[in-house]
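Residue-level structure breakdown
Listed here are the chains, written in short residue letters.
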Amino acid sequence: MNNIKSIRKDWDLIESLIKEKSRILDIGCGKGELIEQLEKNLNANIHGIEKNQDMALQGIAKGLNITHGDAEKDLSQYANQSFDYVILSQTLQAMMEPQKILKELLRVGSKAIVSFPNFGHWKIRLQLLLTGKMPITEGLPHSWYETPNIHFFTLKDFENLCKDMNIVIEKSIGLTNKGKQFSIQKSFFPSNIFTSEAIFLLSYKNFEPIKIKSTNNVFAKNSAIVN
Amino acid sequence: MSNFKIIKNKKLDCSVIDFTNADLKLESGYLLDNYSLAYKTFGSLNHNKTNAILICHALTGDQYVSGQNPITGRDGWWSRMVGPNKPIDTNKFFVICSNVLGGCAGSTGPKEKIDNDKNTYGGKFPSITIKDIVNAQVKLIDALEIDQLFSVVGGSMGAMQALQWSIDFPKRIKSIIHIAGALKHSAQNIAFHEVGRQAIMNDPNWHKGNYSNQKTIPERGLSVARMIAHITYLSEDAMHRKFGRKLQSRDIISFGFDADFQIESYLRYQGRSFVERFDANSYLYLTRAMDYFDHSESYRKTLEFINDLNNHINYLIISFTSDWLFPTRENKEIVQILNNLSKNVSFLEIDTDKGHDSFLLDEPDLDKVMKGFLESNFRKKNEQY
């Protein structure tokens, strides 16, 4: 979906968000290059899902754990919170039901790393404004009639969706079209205009733990359960 | 005390291991004191004994996985997969393949003589299961002094055995390759087997299984059983591609019941040639063993129960898009449970129109994935030593 150089950059940023020795699920893992990188650098235990037979085959042939299949159907097979991180790199815009997928990511993993091309980038805005045609860029190189990307959204759209879904944005990194990296949250410039690609580290809001109240005060003050 | 003796059988061009006082308790409760397994090995066992691969054959397979089969005079059933520089490379791996218990290529089965008796087992052979077949195999691996197999590989009934190994002897294996199998034999599969068995048992030459005393063979029944089964191994697309409605050695239809069509002639040939190499009773017993195979309820619980014992196992599950005997859906049931329990599992569905038999045919993606899986995991596992 993207050129090699920016994908590598994407991977390095993803790697920087992950703790060593984690359990990771990489959705749309291709031939498993990111899996190899993370296995090597982070000593992590990684599983992948890949839809394309030939790519899945090449990954499996490297001795990686890859399930050939469609993540939108197959994510349900993983147990709740069975991974520390679930990675969805450059794929959300190609999913049939992005909201459902986001929910699944954070059911299966305690954190999700999602990266996507920002449709709100100034180049895209300008192209649409000036030419009146669907924009074609390095990050979104396909014509409208043959693109695998079926849901276009901007940085702002994504942030709003996270808010609606009670998803916490722990970190967000933007990349300009020149590959310059900056923190979206702390950005001085309007990030929705300058971010060409975005990478988010997500988790669910930490709800207050439910405290057990007892009507007859059976639980003493120093009970571990009450506190 | 259990004892064994290994002899080279020149006629069968393989080794035969005879177990005495083996006390092999079958699932049915029957106690098999003495039994033999005919087996072949290829390549050589390395110093640390870490490179052994057990290949489990399918319903009508045998120990002649590679090289020449002396019974048929043809190449072994997986010669294209197993051998020097083949996907399962015998320059690197030590390959063992044994004829299953109940088979008819030299292992103890209905065709063989009962101990201290001049009669053959025939219909008196005890009912066997996939678990029994694996229990019998384990004793061979013990005898070869191999603590841990690098892999157990099999398609169809062989896949059932590979799965059974991972359930019953997780510590004895490092990986399995399970091709075109399932957690259970489906109702449809049992149905096809039943038709095949009825064809054999309704052949007047069957004599309740004791046809060898009568000096007959229920060859008509057995060949019909093979013809039916053969249809289930193909796919409609492949059959159409290969035969269509083409006529056999004629330009016009005969208005009779000759083999007008090529597909008829092909099936008749398959039936005829099968009779020459396979025992009808073995066919009954082994189809039954497959029918009884069912881990659909217990698999998950078993894996949870032996959780720590199988975390090291690398599972590779492979299915074929056009396989309607062991469809992708059923192979995926295994993958789903393994993934749910966070095991080391890989799964590939290979797009082909060749049906269930794909695993025996020229399928380059199958070769590639198996070679890659075995060799890369072998490297990884041996780095750990």
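Residues numbered from 1 in each chain as written. Chains lettered and ligands numbered in written order. Predicted model: local features only at pLDDT ≥ 70, side-chain atom pairs only at ≥ 80, totals over all residues.

1. Regarding the overall build of chain A
Along the backbone of chain A there are eight helices and eight strands. Burial analysis of chain A (227 residues in total) assigns 38% to the buried set. When contacts within chain A are restricted to residue pairs at least 6 apart in sequence, long-range pairs at least 24 apart make up 62% of them. (Helix = DSSP H or I, 4+ residues; strand = E, 2+ residues; numbered from the N terminus. Buried ≥ 20, exposed ≤ 12 C-beta atoms within 10 Å, placed from the backbone. Contact = placed C-beta atoms within 7 Å.)

2. Some thoughts on the interface of chain A and chain B
Reports often express the size of an interface as the amount of accessible area lost when the parts come together. On the chain B side, the residues contacting the 16 residues of chain A number 22 residues. Its residues assigned to classes, the side of chain A that touches chain B shows seven nonpolar, eight polar and one charged. (Nonpolar A, V, L, I, M, F, W, Y, C, P; charged D, E, K, R; others polar.)

3. Focus: the confidence of the model for chain A
The pLDDT averaged across chain A works out to 89; a share of 88% of its residues lies at or above 70. Taken as a whole, residues 217–227 of chain A scores under 50 in pLDDT and shows six contacts with residues more than four places along the chain or in a different chain. (pLDDT = per-residue confidence, 0-100.)

4. Comments concerning the nonpolar core
Grouped together as the largest cluster of nonpolar side chains are 152 residues, with contacts concentrated most on A:I60, A:V86, B:I53 and B:V95. Both domains that furnish three or more residues to this core are identified here as domain 1 (3–186 + 294–383) and domain 2 (189–289) of chain B. The contacts of A:V86, once residues within four sequence positions are left out, are A:L25, A:I27, A:L105, A:V108, A:G109 and A:A112. (Core = buried A, V, L, I, M, F, W, Y, C linked by C-beta atoms within 7 Å. Domains from an automatic or database assignment.)

5. Brief notes about the domain arrangement of chain B
Residue and element names in this part refer to chain B. The domain architecture assigned to chain B consists of domain 1 (3–186 + 294–383) and domain 2 (189–289). If you average the C-alpha positions of domain 1 and of domain 2, the two centres end up 26 Å apart. On the side of domain 2, 24 residues touch domain 1, which itself brings 31 residues to the contact. Across the side of domain 1 that touches domain 2, the residue classes tally to 11 nonpolar, 16 polar and four charged.

6. Thoughts on helix α1 (residues 130–143) of chain B
Here α1(B) contains 14 residues, and its C-alpha end-to-end distance of 20 Å stays within 8% of the 20 Å for a straight helix at 1.5 Å per residue. Residues B:I130, B:D132, B:I133, B:V134, B:N135, B:A136, B:Q137, B:L140 and B:I141 constitute the buried set of α1(B). (Expected span 1.5 Å × (residues − 1).)

7. Re the pairing of strand β12 (residues 314–320) of chain B
All names here are of chain B. Burial within β12 is extensive, with seven of its seven residues counted as buried. Burial along β12 is two-sided: N314, L316, I318 and F320 and Y315, I317 and S319, pointing in opposite directions, are all buried. The pairing of strand β11 (residues 175–179) with β12 spans five bridges and is classified as parallel. Looking at β12, one finds that I176 is bridged to Y315. Where the polypeptide runs from β12 across helix α9 (residues 328–340) and back to strand β13 (residues 344–350), its parallel neighbour, the crossover connection is right-handed. (Pairing = 2+ DSSP bridges. Right-handed = clockwise from strand over helix to strand, strands pointing away.)

8. Examining the environment of B:R268
All names here are of chain B. Looking at the element boundaries, R268 is found in helix α6 (residues 262–277). Owing to 14 C-beta atoms within 10 Å, R268 belongs among the partly exposed residues under this scheme. C-alpha of R268 to C-alpha of G102: the two residues are 166 residues apart in sequence and 26 Å apart in space.

9. With respect to the packing of helix α4 (residues 219–233) of chain B against α6(B)
All names here are of chain B. Orientation of α4 relative to α6, taken along the N-to-C sense of each, is 130°, at an axis distance of 8 Å. Taken together, the axis directions place α4 and α6 in an arrangement best described as oblique. In the packing of α4 onto α6, the handedness of the crossing is right-handed. On α6, the residues that touch E219, L222, S223, V224, R226, M227 and H230 of α4 are L267, Q270, G271, R272, F274 and V275. Across the contact of α4 with α6, the residue classes break down as six nonpolar, four polar and three charged. (Axes fitted to C-alpha atoms, helices over the stretch in contact; angles between N-to-C directions. Parallel < 35°, antiparallel > 145°, perpendicular 65-115°, else oblique. Left-handed = near helix turned anticlockwise from the far one by under 90°.)

10. Regarding the packing of α1(B) against helix α2 (residues 157–168) of chain B
All names here are of chain B. Relative to each other, α1 and α2 sit at 70°, their axes nearing to 9 Å. As the angle between them shows, α1 and α2 are arranged roughly perpendicular. Residue-level contacts link I130, K131, I133 and V134 of α1 to M160, Q161, Q164, W165 and D168 of α2. Looking at the contact of α1 with α2 residue by residue, the classes come out as five nonpolar, two polar and two charged.

11. Comments concerning α2(B)
All names here are of chain B. Spanning 12 residues, α2 covers 16 Å between terminal C-alpha atoms, matching the ideal 16 Å at 1.5 Å per step. For α2, a buried count of 10 out of 12 residues is recorded, marking the element as mostly surrounded by other parts of the structure. Of the surrounding elements, those touching the buried residues of α2 are β6 (52–56), α1, β10 (151–155), β11 and α7 (280–291).

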